[in-house]
Each structure stands twice: as structure tokens, then as C-alpha cells.
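Okay, here's what each chain looks like letter by letter:
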Amino acid sequence: MRKVVIPIGPQHPALKEPESFSVTLSGERIMAFSARLGYNHRGIEKACEDRSYTQNVYLTERICGICSHAHSTAFVQAVEEIAGIKIPDRASYIRTIISELERIHSHLLWLGVAGHEIGFDTLLMYTWRDREIVMDILAQITGNRVNYGMNTIGGVRRDIDDEQKKNILKAMDKLEERTLYYITVATSERTVIERLSGVGVLPHKDAVRLGAVGPTGRASGVDRDTRRDDPYAAYDRIKFKVITDDHCDVYGRTLVRVGELMEAYKIIRQALKDMPEGPITVKAPRKIPAGEAVSRYEAPRGEDLHYVKSNGTEKPERVKVRAPTLANVQTVAKMLEDGQLADLPIVIAAIDPCFSCTDRMTIIKHAGSRDLGAMAWEDLRTHGINWYKNKGVDFSRLNEKLKKANKV
Amino acid sequence: MTTREEAAKTALIKKFGFLENLVRIQRERRIFIDDAGQDFERILDFASEDLGFSVLCAITGSDDGTRYEFIYHMARPKGDMLNIKIYTPRDGSRVKTITDKFPGAEIFERELTDLLGVKIDGLGEGNRYPLSDDWPKGEYPLRKDWVKKDKKPEGK
């Protein structure tokens, strides 16, 4: 059969992020695959050289909309190592808690995306509804759903009080109950098992050879996890299991992620129990002495690596970032080899490539005014309803009908 | 510092005598080779095959104003990381590809080509990364003497 080359992308090829793929097909079978990346390149490494270390904490946090805590932690860890700063114990535990909350939000988001890609949109609706529980907790502790602004050089900027502790524990119980349900679905629902098994196969030796990281590697039996192997924050004081699987396919990647969700709840409970009292930050110098450090962090998608070189001034000489997707994207060609074109979206989505998910807006600029004001959630809701009403879309009669029907 | 890092340092010095003052244990699980020089490939082979540093995490390229520095970040289980440095002059900088041993190195080498303008000998054809196809020729943003042409202040 004649081979056909199909360009896919760069406008949102299955993902909500620009990437361009070139797929060579023979009928429906994939013969070759290549990716063109870089559409999201913003020059952040170069921009870091022009900014102070404190500014860079916030800049690196914005590398990714989902793994924002991952990048800022990897960066501050490197700077703290160069400056010889030992952060307070309480700060280590708080970094660990935020890190795991971020993993929960990322993995639940992924589970929904995976459900959507295989036409199982009920799973998307369920998981994204449940994800709101962890998003609310993150907003409560940090003030933000993403880009938390928790890290600073020398510790964290906000403490966790007793009331917040109680709310986190309550949320963990609810999420654990929901995750157990998803595990039942993933291990007993035949449609899911058969749709994901044998799809996007990455044999163990190829995962090792291509340097796969995170759940992508662990689902091919690569027993590597930075939290255990190169511990940071409070991970050296916390007991947890590294979840691996030997299915080597999308099904395995699903099992690893739901397994990691269960571990995350355990880690958070332990961290909240063991977190010592005390300060949350130590003073850091504005100028960082000349030196270099490599910092590693287990982000939801795998190992995140930051290399920082300082020159004794208040700005870094060089900041290098290797996000996990860059390590994993090279495995996709292998996963798609000899596969079906229809499997392409779920196989790509299964490495969980990063895309920005921030789209909640609370800052409103009033027409004709230069004033910026923050809106509470309820006000925002009312604003939305009125905005639609002005456009002629009014659900109030329907709501009345539904209320009556519910009473009956 | 544990004996693991010390053992790796000793093995490196035993095999490559000139590394005596060039291997440095910065902290637990972090080893640096400050200049592997002409023996880079042999050191990389020895580190990956005999010492277990078989995972290439990244390649960092940087410009110190007088020469280019390349750091090959190699990891092994147990979290140890060996950072092997090599240097080239700024004029006509070339390094040899390591994609024959580490296929995952391709994206990092393309990054060096795009951002520093380094020639990678032996790197096959492929898509550029990460700059756009219409990026002007001869502009390498990670070079220290590179200046942004667009002087418009950010955020305006």
C-alpha cells in the first residue's frame, strides 16, 4: 500500500497545547512518526539571566500551569544548595504537602483527559468534578488554584494552620474514596481494559534506552522515583511505595497513576501528622555566592531537573531546565510504531504532556475604568448569569421547572 | 558523603589519572568532573558501562564569555548524579554527537545547535528545536553577547 504522510498540528493536535506531528501511514497503520516541538518556547532560561533570584522563583513557577510548584521548588532547591541555606523542617514538610496536592490535581486531570480521548466522557466529568476538591484545598492554603507562590529562597511563604489541616484531611478521605472507585473502574470495566491494553507499548529496554521518566517509565518497569532515590523536601522522612507496573502500555500508565494517587493521600496524612512546629523560612542573601548546583524533583510527569550557576551577583549566570515531557516525548515514536492512527491521541496523552490549565479569572477590569478589583466566587457566578441574560440566554425559567420537578 | 560517591571518584581517578584534581564530590549524590578534555568519550563510556551512570538526564550548554561549557548530566539508580564537563572555544565550536550511545540525547543536542550555535558532528537530519523555522540565521540567544533586537519593554 502507498505510504501517506499526514501533518497533525500545530493547532491543538489532540492536546490543548501546540505541537506539530508528522505521521507516515500505510492505510491506518503508523509507519513513522516525528514531532516538531518548540511552539511554546518563551525564552525563560535567557530571561532568568536578566532577573534577580527572587523574581526567578516566580518566573520558573510559570514554566508550567500544572507543575508550577515542581519548577519553583527545583529552582529554589538549587539556589539554596549554592548559598548553603538549610530551610526549616516545617518548610520542608509544607513543600512536600503542596507537591503531593499538585500531583493529585495533575493525575486526576490526566485521568479525565485519558477518559475523554477514549470516548469515556463520564470519567472526564467525574474526575474533573473530584479534582475541584483538591483545587479548592490548594486555593485555600496558597490563595491560588495554580501558580501557588508558596516557595521562596529559604523556605515557604505561607503556613498551614489547624483549620486548614482539618480541611485537607477531610478532602483526602473523600478523594481516597473516589480514587478507590476509579481503581475498581480501571480494573474491572472491560471497555477500559480492552481499549487501553496493548496500546502505545513501550518495552522496558526501550524505556531505559530512551530515558523515560515518571509514570511513563514506571509503567514499563523502570523503578525510578526521585522522591525515593534523590530525596528532597521531607521525602527522606516519609514512608511511601514507588508504584511500578509491567504492562508497558497505556493501561499500565493508568494503573501507575491511580496507584500514585493512593500513595499521595498517605504521604499527605503522614506529613501533616509529623510536621514539626517552628519557623517556615530563614533569611536568604540577595546576592548568591558563585557556585553551581543540580536540583532534581519528581514532578507529576516525572523527573524535573534544574541546573543553576551563580556568579556572586544577585542574578544567575545560567539556569537550565529539563522538564519531564522533554525526556518522555522521545518515547512516543516507539510507542506508536506499527500502531493504529486512531490510537494516536490516547498514546500521546498517556505520557501526560504538559499544558497550561489556568483559565480562572477573578480580576475584572470595569469598562471605562482603570480600577482592578477582585471578585468573590459568588459575585463572579452572578456576574456570569447576568452577562448571559443580557445576551438573551436565561435559564431562570428552566431552573424553576427543575426545582418543581425535584419537589415532586 | 557516603562511600558510593567516594568509590566512584576513586574508580574514575584510577582509570584516568589526569582527573586527580578534577573530580569533585559536591555533596551527597552529586559528583562533578570539571574538565574531561580529550578523553570525554572514554570517560562517558566508563561512567555509563562500568560505574552505572547509564541515564542521560540532560545536556547543559552555556557561554562564559570566553568559551562554551557543556555539562552532561548522567544519573544512576540510588540517585547519584555525575556531571561531566567539557569546553570548546567560542569560535567554530564543535562537539561530537552521543546519540549513537544515548538516542535520547538528540533533543538536547538540537537545543545546543539552536541556542548556542554549536556544530554537533554526526547528528543526523531532523527538525530543529526549540526556535521557530523563521528565526533569523546567526542569532543564538544563549550566547552572552546576544542582544534582543526588539527593545520594546516587556509587558507594554
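Keep in mind the model is a prediction, meaning the values are calculated, not measured.

Reading the values: the criteria
- Residues numbered from 1 in each chain as written.
- Chains lettered and ligands numbered in written order.
- Predicted model: local features only at pLDDT ≥ 70, side-chain atom pairs only at ≥ 80, totals over all residues.
- Helix = DSSP H or I, 4+ residues; strand = E, 2+ residues; numbered from the N terminus.
- Contact = placed C-beta atoms within 7 Å.
- Nonpolar A, V, L, I, M, F, W, Y, C, P; charged D, E, K, R; others polar.
- Pairing = 2+ DSSP bridges.
- Axes fitted to C-alpha atoms, helices over the stretch in contact; angles between N-to-C directions.
- Buried ≥ 20, exposed ≤ 12 C-beta atoms within 10 Å, placed from the backbone.
- Domains from an automatic or database assignment.

Visitor: Would you mind going over the overall build of chain B in detail, with residue names and values included?
Guide: Of regular secondary structure, chain B possesses 3 helices and 7 strands. Each helix and strand of chain B, placed in order from N terminus to C terminus, yields the pattern α-β-β-α-β-β-β-β-α-β. C-alpha atoms of chain B, sized along the principal axes, occupy 55 × 35 × 30 Å. A fraction of 46% describes how many contacts in chain B between residues 6 or more apart in sequence connect residues 24 or more apart.

Visitor: Would you mind going over the interface of chain B and chain A in detail, with residue names and values included?
Guide: The interface of chain B with chain A comprises 25 residues on the first partner and 24 residues on the second. Only β3 (55-63), β4 (67-75) and β5 (81-89) of chain B provide two or more residues apiece to the side of chain B that touches chain A. Ranked by the residues each element gives to the side of chain B that touches chain A, the list is headed by β3 of chain B, at 6 residues. Its residues placed into classes, the side of chain B that touches chain A shows 14 nonpolar, 8 polar and 3 charged.

Visitor: Tell me what's going on with the sheet that holds strand β3 (residues 29-36) of chain A, and back it up with residues and numbers.
Guide: Sheet strands line up and pair through hydrogen bonds in the backbone, either parallel or antiparallel. Residues and elements named next belong to chain A. Within the open sheet, the 3 strands sit side by side as β1-β2-β3. Their pairing is antiparallel. Only two strands of the sheet have a single partner each, and these edge strands are β1 (3-8) and β3. On average, adjacent strands in this sheet sit at an angle of 20° to one another, irrespective of strand direction. Summarising the sheet, strand β2 (residues 20-26) and β3 pair through 7 bridges and their orientation is antiparallel. Note that in β3 the partner of Thr-24 across the bridge is Ala-32.

Visitor: Which residues make up unusual backbone geometry, and what values do they have?
Guide: Comment: phi is negative for the bulk of residues other than glycine, and the bulk of peptide bonds are trans. The linkage connecting Gly-9 of chain A with the following residue, Pro-10 of chain A, adopts the cis geometry, with an omega of 5°. By secondary structure assignment, the location of Pro-10 of chain A is in the loop between β1 and β2. The omega angle of the peptide bond from Tyr-129 of chain B to Pro-130 of chain B is 0°, so this bond is cis rather than trans. Locating Pro-130 of chain B in the fold gives a position in the segment after β7 (119-121). Although it is not a glycine, Asn-147 of chain A sits at a positive phi angle of roughly 50°. Checked against the element boundaries, Asn-147 of chain A lands in the loop between α5 (121-142) and β4 (151-152). The partly exposed category is assigned to Asn-147 of chain A, around which 18 C-beta atoms lie within 10 Å.

Visitor: Got a sec to walk through the sheet that holds strand β8 (residues 316-322) of chain A? Specific residues and values, please.
Guide: Residues and elements named next belong to chain A. The strand order across the open sheet built from 3 strands is β6-β7-β8, with neighbouring strands paired in antiparallel fashion. At either margin of the open sheet sits one strand with a lone partner, and together these are β6 (291-299) and β8. Put simply, the sheet's adjacent strands are angled 15° from each other on average, direction ignored. Alignment of strand β7 (residues 302-310) against β8, held across 6 bridges, turns out to be antiparallel. Looking at the pairing, Lys-309 lines up with Arg-318 of β8. Against the sheet, helix α3 (residues 68-83) contacts β6, β7 and β8, and its axis sits at roughly 150° relative to β6.

Visitor: I'd like a rundown of the domain arrangement of chain A, residues and numbers included.
Guide: Its domain assignment divides chain A into domain 1 (3-36), domain 2 (44-350) and domain 3 (364-407). A separation of 35 Å is found between the C-alpha centroids of domain 2 of chain A and domain 3 of chain A.

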